[in-house]
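# A look at the structure
Now for the letters of each chain:
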Amino acid sequence: MKFKEFGWNGFLLEIPEGMRLTSEGGNISSGYIRLEMEGLVAEVKWDPLDKKAMPLAKVADLFIKNVRENLEKKLKKKVDLKVESGENIFVSSHGAYSMILKTGAEFWEPVYIWNCEKSKRIIIVHFISLLPKDTGQEVVRHMLESLRCHQDGDFVTWSALNLRFNIPSSLLLSDRKIVVGRTYLTFEERKPSMLAEMGRSLTIEFFSMANIIYEDTYKKIDEWFQSKYWKDLKKRYKHISFQTSEMERVMRHNVLHKRGVRKLGLVNRRTMLCENLTWYCSKSNRIYSVTYTSYVSRPFFLKRMLNEEEDKRILQSLISSFRCHI
Ligand SMILES: [Zn+2]
Ligand SMILES: [Zn+2]
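Please read these numbers as outputs of a predicted model, since none were measured by experiment.

Attention now moves to the overall build of the protein chain. Within the protein chain, the secondary structure is distributed over five helices and 19 strands. Over its C-alpha atoms, taken along the principal directions, the protein chain stretches across nearly 65 × 50 × 40 Å. The 326 residues of the protein chain split such that 29% are buried. Across the protein chain, contacts joining residues at least 24 apart in sequence account for 47% of those joining residues at least 6 apart.

Moving on to the nonpolar core. Among the nonpolar cores identified, the biggest contains 62 residues, and Y112, I113, W114, I123, I167 and I287 are the most heavily contacted of them. Element by element, the count of residues in this core is highest for strand β9 (residues 109–116), at five residues. Here this core spans two domains, since at least three of its residues come from each of domain 1 (3–151) and domain 2 (156–321). Beyond its immediate chain neighbours, meaning those up to four positions away, I287 contacts F206, F207, A210, Y214, Y218, W224 and Y280. Counting five residues, the second-largest nonpolar core is a separate cluster that includes M272, C274, Y295 and V296.

Across the sheet, which stays open at both edges, the seven strands sit in the order β13-β14-β15-β19-β18-β17-β16 with antiparallel pairing between neighbours. On the outer flanks of this sheet lie β13 (172–178) and β16 (244–250), each paired with one strand and no other. Direction aside, neighbouring strands of the sheet carry axes that sit 15° apart on average.

Right, let's talk about helix α4 (residues 221–236) for a bit. Along α4, the largest kink reaches about 60° and is centred on Y229. All of the buried residues in α4 are I221, W224, F225 and Y229. On the buried face of α4, the contacting elements are β17 (253–264), β18 (268–281) and β19 (286–299).

Turning to the pairing of strand β11 (residues 155–160), a few remarks are in order. Direction of pairing for β11 relative to strand β12 (residues 163–168): antiparallel, over a ladder of six bridges. Residue pairing in the sheet places A160 in a bridge with L163 of β12. Hairpin connection, β11 to β12: the antiparallel pair is bridged by two residues, and L161 has positive phi, about 55°.

Size of an interface, as often reported, equals the accessible area lost when the parts are brought together. As far as domains go, the protein chain holds domain 1 (3–151) and domain 2 (156–321). On a C-alpha basis, the centroid separation for the pair domain 1 and domain 2 is 34 Å. Opposite the 11 residues of domain 1 that make contact, domain 2 presents eight residues. In terms of residues, the side of domain 1 that touches domain 2 owes the most to one element, strand β1 (residues 3–8), which gives four residues.

Our focus in this paragraph is the pairing of β1. With six bridges connecting them, β1 and strand β2 (residues 11–16) associate as antiparallel partners. Paired with F6 across the two strands is L13, which belongs to β2.

The next subject is unusual backbone geometry. One non-glycine residue, K76, lies in the positive phi region at around 55°. With 6 C-beta atoms counted inside 10 Å, the residue K76 sits in the exposed group. A positive phi angle, close to 60°, is found at N162, a residue other than glycine. For N162, the location among the structural elements is in the loop between β11 and β12. A tally of 16 C-beta atoms within 10 Å means that N162 is categorised as partly exposed.

Let's shift gears to the environment of P48. Within the secondary structure layout, P48 lies in strand β5 (residues 40–48). Each C-alpha atom of the pair P48 and M251 lies 36 Å from the other, and the pair is 203 residues apart in sequence. If we ignore the near neighbours within four places in the chain, the residues touching P48 are S29, S30, K120 and R121.

To continue, consider the environment of T22. Residue placement: T22 occurs in strand β3 (residues 20–26). For T22, a count of 12 C-beta atoms within 10 Å gives the class exposed. When the C-alpha positions of T22 and A57 are compared, they lie 29 Å apart, and in sequence the two are 35 residues distant. If sequence neighbours within four positions are ignored, T22 has contacts with R34, L35 and E36.

The rules behind these values
- Residues numbered from 1 in each chain as written.
- Chains lettered and ligands numbered in written order.
- Predicted model: local features only at pLDDT ≥ 70, side-chain atom pairs only at ≥ 80, totals over all residues.
- Helix = DSSP H or I, 4+ residues; strand = E, 2+ residues; numbered from the N terminus.
- Buried ≥ 20, exposed ≤ 12 C-beta atoms within 10 Å, placed from the backbone.
- Contact = placed C-beta atoms within 7 Å.
- Core = buried A, V, L, I, M, F, W, Y, C linked by C-beta atoms within 7 Å.
- Domains from an automatic or database assignment.
- Pairing = 2+ DSSP bridges.
- Axes fitted to C-alpha atoms, helices over the stretch in contact; angles between N-to-C directions.
- Bend = angle between axes of the 7 residues up to and from the residue.

Structure representation (structure tokens):
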């Protein structure tokens, strides 16, 4: 079986090529993912790890209770859910508690639970396999052996939907739309304090089948931006403004790069940096538009300073890691 990389909310692993992300929610500190292919479902759930971590066996009991309740709701009858203990293994260098759920004769349902102190999460992975036993075991082993729940440094890799990029783990997935034709992921970071408020936001958006849907404009990216995108972007980012606009050769594509700094407000003054990169990728036949904003607001008597170094570091890392076609 062939495998491909999958990275989402701080998890990085290899999944079978035919496997797809079918459902997801939350952000890097608390959330879930559901991956599916014919004969195999993998669900990953994670929650913040408390200082006083619960014993894994207790987490397992709560998980079983939950599965049983959901089953009973679905089947509208009492269910006697049997559980066998599994082989305890190491996942991403953490000792994992393991068990096998017995919900039906045809299923093989191993569950793995562990604490990741590095990403401060408690993680539960639940597989439901209808594959031939050997194949199921082999796929599950491959996925678990390749799984990383924490990465070195403060950047994490996202790898899904045929694109890949690195961003700081402090940028939390706050909004998304994953549909045919148009997909976006929005990440946000907010740091409020007594006198100042700082924040960052990043939207990565792409439009598929660009040569058909934007037949007239996909080759003239400046025109596409003005006529098809600018209105939308202004709606989403109320104060966005650009002063410079130039074509650059990055990521082996011709990229329209817009940049601006905006100052707003009389009492609580706000300085906002806005960057946008828009390009057409012929290999994926998508138009990509990446928007980054960073702001700081303070009362007027305090100096406002954007952390330009940090913004530069984030953008450079995003651009150098970005793969728009795979
Ligand atoms: Zn970990
Ligand atoms: Zn590309």
